[in-house]
Amino acid sequence: KVRPERNESFESFSVRMTHYFDRWTSMKEVTTKDGLIDEILTEQFLGSVSKELATFLRERELKSLKEMVTAAEHYRRAHPDKNLANEETKAPIGAFAGSN
């Protein structure tokens, strides 16, 4: 989680956040808006499911949210009695919070 450092100006903080974002998109090889959307939703998805399911999905090195959802559904069917939600999920980003 990125937060302003003590006594850090907000201008400096925004530059640091931009640098982190640029590094993240470069590391993920995001080059299009659709690619960015898929990466953000994938990260949200992984943060919303149990650690066990998230590990299962990460081990498969899936390339898109669609592939991840398909694998998660297979896992859910194979483990029908497991709670697959992350009970520690923090509030989602931006509009995902469901508030108007």
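Preceding block: the structure.
Everything quoted here is computed from the prediction, not taken from an experiment.

(A) Here's a closer look at the packing of helix α2 (residues 33–48) against helix α4 (residues 65–78). Following both chains from N to C, one finds α2 and α4 inclined at 25 degrees, their axes separated by 9 Å at the closest point. Our classification of the angle between α2 and α4 gives roughly parallel. Here D38, L41, T42, F45 and L46 of α2 lie close against α4, whose contacting residues are L65, M68, V69 and A72. Residues belonging to the contact of α2 with α4 are distributed by class as follows: seven nonpolar, one polar and one charged.

(B) Representation of the packing of helix α3 (residues 51–59) against α4 within the structure. Across the interface, α3 lies against α4 with an axial gap of 10 Å and an inter-helix angle of 125 degrees. Between α3 and α4, the angle is such that the two are oblique. The way α3 lies across α4 gives a crossing that is right-handed. Residue-level inspection shows E52, L53, F56 and L57 of α3 in contact with α4, the latter providing M68, A71, A72 and Y75. Its residues assigned to classes, the contact of α3 with α4 shows seven nonpolar, no polar and one charged.

(C) Structural view of unusual backbone geometry. Even without glycine at this site, N7 takes up a positive phi of about 65 degrees. Locating N7 in the fold gives a position in the segment before α1 (10–27). A positive phi angle, near 50 degrees, is found at E61, a position not held by glycine.

(D) Spatial organisation of α3. Among all positions in α3, only L53, A54, F56 and L57 are buried. Buried residues of α3, seen end-on, are gathered within an arc of 160 degrees and therefore sit on one face of the element. Turned more than 90 degrees away from the buried face of α3, the exposed residues are K51 and E59. Buried residues in α3 make contact with α2 and α4. One or two residues past the end of α3 sits E61, with phi positive at roughly 50 degrees.

(E) A nonpolar patch on the surface, seen in detail. Taken together, the side chains of V2, M17 and Y20 present a nonpolar region at the surface, about 240 Å² in accessible area. Mapped onto the secondary structure, Y20 falls in helix α1.

Rules used throughout
Residues numbered from 1 in each chain as written. Predicted model: local features only at pLDDT ≥ 70, side-chain atom pairs only at ≥ 80, totals over all residues. Heavy atoms only, no water. Axes fitted to C-alpha atoms, helices over the stretch in contact; angles between N-to-C directions. Helix = DSSP H or I, 4+ residues; strand = E, 2+ residues; numbered from the N terminus. Parallel < 35°, antiparallel > 145°, perpendicular 65-115°, else oblique. Contact = heavy atoms within 4.5 Å. Nonpolar A, V, L, I, M, F, W, Y, C, P; charged D, E, K, R; others polar. Left-handed = near helix turned anticlockwise from the far one by under 90°. Buried < 20%, exposed > 50% of the residue type's maximum accessible area, 1.4 Å probe, protein only. Arc of directions from axis to C-beta. Patch = residues over 30% accessible without salt bridge, like charges linked within 9 Å, V, L, I, M, F, W, Y side chains within 5 Å. Areas by Shrake-Rupley, 256 points an atom, 1.4 Å probe, with all protein chains shown as cover. Salt bridge = Lys/Arg side-chain N within 4 Å of Asp/Glu carboxyl O.

Everything listed here is a matter of geometry and, on its own, says nothing about what the molecule does.
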